[in-house]
Amino acid sequence: MIAPEEIERSLREALPAQLQPRAGELARLIVAAAAGESPDADAFKPALEALAGREVHTAHGLIRFGDGNQIGDVQIGDVAGGDIVRVSLTINQPAPRTLPRYLVVAALIVPLLAAAAAFVVLHGPSTMPNTFSVAVANLALDAGGDPQGVAAGRALSEQIFLTLKNEEQAYSAQWAESITVWHDSMPWWEKSAPIGFVGGATQQEREDTARALLERLNADVLIYGYIDAAERVSLHFFVAPDLKTEGPPTTIAGDFTLGNPIAPSDPEFTLATRAGALFWLLKSLQYDSLGRSEQALAVLQFGAERLLNWSERGEGKELLYFFTAQAAAFAATDATTTDDFDARLNLAQQQAQLALDRRPDFVRALVVRGAVAHQRAQCLLGAPPCPPPDETTRTAAAAAADQALADYEAAVVAAATSHDTFWATSVAPMAVGSAWLLRGEVSLQQSDRAGADTAYAEAVEWVRSGLAAAESAGDQRVLGQAQLVIGTALWRRAWLASADQPGRAAELLNEARAAFAACNTIADASNDQLLRDRIGADCRSFDSQAAILLEEVAP
């Protein structure tokens, strides 16, 4: 149940000045009624009349006051539990007159209709449907400390909500899959769960609150933001790590800031621009979550043509370039010809660079640029759809592998001062590990066995350094990839040691097989097609080869 002190603060903001001194008593009265007591509310009738038909937002819920003759009816939505409590404050009314017979019949019918309406309100959807869903939280006043709900924040967030709805309707013919969007301005028979705003004194507390709110609402993305003491508006959105779609989980999970704070000089125009831009990012994310990278890329390119008034700097446009780069890199993995592969990788590299030109310490863009070099190096070493390597391509592969390693290491450095905790503690160091694995493959093809062994050892150390964070976040795809890299690097080291150190090779192979087994366990329990059919398949294949080598070195 929401604390009376929290209700009091919100009531003071909502009540007229002359009634604000009664806010504390009224808050305690509401809490007592919610606890099952029947307090007399006659003395608070002016305050309840002033609040009639209004919604008052707190950090952890929403309170809706009755209207007209039902001014004593109060509905309390508790964000923490997702429950709705209805209470009725007793207010004495004049004695009723004798009613004509037809009005007596009506008096019997009206309570039945009211009961039916209450049933709809109380039993309306409290979670979002199993389609791609976006919740828009109210912007909160952040004047230092824990943010507070304000009417201006609710109004601004409603503008964002309406912009997203209007954009969805305008482009529904081109992009048939719909996005479900919720906001507290919706009537309660359409949704019964309050969204409220995202509280928290620190960035980490706010991200934790956003993640918990996503889980309670069964939403894929939460849009939220703050109004600071200078009336500047900052916008954020948080992407769930496991989206409720038929496709694989997205790798874009986490918290994003959509540009610098918006100055109060022209907030409506800038807010509308960013909300419109946000629609295209969300639309691409919807297709990315379905594993349809080509459509995600097409959405972003289509949207970019309609975002000509989105400033290149300060408004978050680097996110457009980052999303486009990642979609193009994903699309390259599905290419069937070297021409298509090169074209998509070139686009990914160009877009990642545009993002970094606007924000040089953008951790995710550094990782994507590194991933482009990583994919290019693998292709030069003969991975499909590229031809077998020769001396020239091996040299080029070494340069590409070095570029990937440099970008990943730069991402680790940038991540250390970033609020993007998961990427700082897990994704970035694991990316460095994967680059060392690639560097080992390059060294092996160049007949540098000592260099290869050193690189494989680095790969294992780097990836293991990010395992705890990945396990804590529950990102199964990252965990599966991590075990694949660890197992592969250990298996390669065992192969290098098998000729003159069979005992050492056997130890390494047992470790490798344990990693492959962990990978298979994760993949077999997942609905993620990429994790199950690609990563899991690689783990099973390499485990079979490790088992054969183990029989040779330890018969």
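Everything below is about the structure shown above.
Read on for a plain summary of the structure. Treat the numbers as computed from the prediction; the structure is a model and nothing was measured.

What about the pairing of strand β5 (residues 133-136)?
Consecutive side chains of a regular strand alternate in pointing toward one face of the sheet and then the other.
Link 1 in the chain: Judged by which residues are buried, β5 turns out to be covered on both faces: Ser133 and Ala135 on one side and Val134 and Val136 on the other are all buried.
Link 2 in the chain: One ladder, built from three bridges, connects β5 with strand β9 (residues 221-228); its direction is parallel. Each residue of the ladder has a partner; that of alanine 135, found in β9, is leucine 222.

Comments concerning the pairing of β9
Link 1 in the chain: Of all eight residues that make up β9, eight are buried, and the element is covered over most of its length.
Link 2 in the chain: Across the two faces of β9 the burial is the same, with Val221, Ile223, Gly225 and Ile227 and Leu222, Tyr224, Tyr226 and Asp228 all buried.
Link 3 in the chain: When β9 meets strand β10 (residues 233-239), the two strands line up antiparallel, connected through seven bridges. Counterpart to isoleucine 227 in the pairing with β10 is valine 233.
Link 4 in the chain: The turn linking β9 back onto β10 is made up of four residues, and glutamate 231 within it adopts a positive phi angle of 70°.

Things to note about the packing of aromatic side chains
Link 1 in the chain: A complete count under the given rule lists 13 aromatic pairs for this structure.
Link 2 in the chain: Taking NZ or CZ as reference, arginine 359 lies 4.0 Å from the ring centre of phenylalanine 362, over its face.

What about empty space enclosed by the protein?
Link 1 in the chain: As enumerated under the stated definition, the model contains two cavities of 30 Å³ or more in all.
Link 2 in the chain: Every residue along the wall of the largest cavity is listed here: Ile252, Ser284, Leu285, Asp288, Ala296, Leu300, Phe323, Gln326 and Ala327.
Link 3 in the chain: Going through the elements one at a time, α7 (267-289), α8 (293-304) and α9 (317-332) are the ones with two or more residues in the lining of the largest cavity.
Link 4 in the chain: When grouped by side-chain class, the residues that make up the lining of the largest cavity number six nonpolar, two polar and one charged.
Link 5 in the chain: Space inside the second largest cavity adds up to approximately 30 Å³.
Link 6 in the chain: Along the walls of the second largest cavity sit Leu164, Glu168, Ile179, Val181, Phe279 and Leu282, which together make up its complete lining.

So, the packing of α8 against α9
Link 1 in the chain: In the contact formed by α8 and α9, the axes pass within 8 Å of each other and the chain directions differ by 150°. The angle between α8 and α9 places the two elements in the roughly antiparallel class. Judged by the sense of rotation from one axis to the other, the crossing of α8 with α9 is left-handed. Packed against α8, whose contacting residues are Ser293, Glu294, Ala296, Leu297, Leu300 and Ala304, the element α9 presents Leu320, Phe323, Thr324, Ala327, Ala328, Phe330 and Ala331 at the interface.
Link 2 in the chain: For the contact of α8 with α9, a count of residues per class yields ten nonpolar, two polar and one charged.

Some details on helix α13 (residues 421-445)
Link 1 in the chain: Compared with an ideal rise of 1.5 Å per residue, which puts 25 residues at 36 Å, α13 spans 36 Å between its outermost C-alpha atoms and is within 8% of the ideal.
Link 2 in the chain: The largest bend in α13 comes to about 30°, at valine 427, with the proline proline 429 one to four residues further on.
Link 3 in the chain: Counting buried residues in α13 gives 20 out of 25 residues, a clear majority hidden from the surface.
Link 4 in the chain: After α13 finishes, the residue serine 447 shows a positive phi value of roughly 65°.

Considering the state of the cysteines
Link 1 in the chain: As enumerated under the stated definition, the model contains two disulfides in all.
Link 2 in the chain: Disulfide partner of cysteine 379: cysteine 386, at an S-S distance of 1.4 Å. Because the torsion about its S-S bond is -85°, the bridge between cysteine 379 and cysteine 386 counts as left-handed.
Link 3 in the chain: What makes cysteine 379 buried here is its relative accessible area of 10%.
Link 4 in the chain: Overall, cysteine 386 belongs to the buried group, its relative accessible area being 11%.
Link 5 in the chain: The disulfide bridge from cysteine 519 ends at cysteine 539, spanning 2.1 Å between sulfur atoms. Here cysteine 519 and cysteine 539 share a disulfide; its torsion about the S-S bond, 90°, makes the bridge right-handed.

Digging into the nonpolar core
If you look at soluble globular proteins, the nonpolar side chains tend to sit buried side by side.
Link 1 in the chain: Counting 141 residues, the largest nonpolar core has Ile160, Leu217, Leu222, Ile223, Phe237 and Phe323 as its most contacted members.
Link 2 in the chain: The element contributing the most residues to this core is helix α16 (residues 476-497), with twelve residues.
Link 3 in the chain: Apart from the residues lying within four places of it in its own chain, the contact partners of isoleucine 223 are Val134, Ala135, Val136, Ala137, Ile160, Leu164, His236, Phe237, Leu278 and Leu282.

With respect to the pattern of salt bridges
Link 1 in the chain: Under the defined criterion, the tally for this structure stands at 24 salt bridges.
Link 2 in the chain: One salt bridge in this structure joins glutamate 305 and arginine 306, with 3.4 Å as the shortest N-O distance.
Link 3 in the chain: Note on glutamate 305: relative accessible area 55%, which makes it exposed.
Link 4 in the chain: Of the charged contacts, one joins glutamate 391 and arginine 394 as a salt bridge, the two residues approaching to 4.0 Å between their closest N and O atoms. Taken together, the residues glutamate 391 and arginine 394, both in helix α12 (residues 391-415) and three residues apart, mark about one turn of the helix.

Examining the environment of histidine 374
Link 1 in the chain: Mapped onto the elements, histidine 374 comes out in helix α11 (residues 363-380).
Link 2 in the chain: For histidine 374, a relative accessible area of 11% corresponds to the buried category.
Link 3 in the chain: Here the alpha-carbon distance between histidine 374 and alanine 401, two residues 27 residues apart in the chain, equals 5.9 Å.
Link 4 in the chain: Setting aside chain neighbours within four positions, we find histidine 374 in contact with Ala404, Tyr408, Ser434, Ala435 and Leu438.

Brief notes about the packing of α12 against α13
Link 1 in the chain: Two numbers describe how α12 lies on α13: the axes approach to 9 Å, and their chain directions differ by 160°. Taken together, the axes of α12 and α13 are roughly antiparallel relative to one another. The handedness of the crossing between α12 and α13 comes out as left-handed.
Link 2 in the chain: Classifying every residue of the contact of α12 with α13 by side-chain character gives 19 nonpolar, two polar and four charged.

Conventions used here
Residues numbered from 1 in each chain as written. Predicted model: local features only at pLDDT ≥ 70, side-chain atom pairs only at ≥ 80, totals over all residues. Heavy atoms only, no water. Buried < 20%, exposed > 50% of the residue type's maximum accessible area, 1.4 Å probe, protein only. Helix = DSSP H or I, 4+ residues; strand = E, 2+ residues; numbered from the N terminus. Pairing = 2+ DSSP bridges. Phe/Tyr/Trp six-rings, centres within 6.5 Å; stacked < 30°, edge-to-face > 60°. Lys NZ or Arg CZ within 6 Å of the ring centre and 35° of its normal. 1 Å grid on protein atoms, 1.4 Å probe; cavity = no way out; pocket = protein on both sides within 12 Å on 5 of 7 lines; lining within 4 Å. Points joined across faces, edges and corners; volume = space filled by probe spheres on them. Nonpolar A, V, L, I, M, F, W, Y, C, P; charged D, E, K, R; others polar. Axes fitted to C-alpha atoms, helices over the stretch in contact; angles between N-to-C directions. Parallel < 35°, antiparallel > 145°, perpendicular 65-115°, else oblique. Left-handed = near helix turned anticlockwise from the far one by under 90°. Contact = heavy atoms within 4.5 Å. Expected span 1.5 Å × (residues − 1). Bend = angle between axes of the 7 residues up to and from the residue. Disulfide = S-S within 2.5 Å. Core = buried A, V, L, I, M, F, W, Y, C linked by side-chain atoms within 4.5 Å. Salt bridge = Lys/Arg side-chain N within 4 Å of Asp/Glu carboxyl O.

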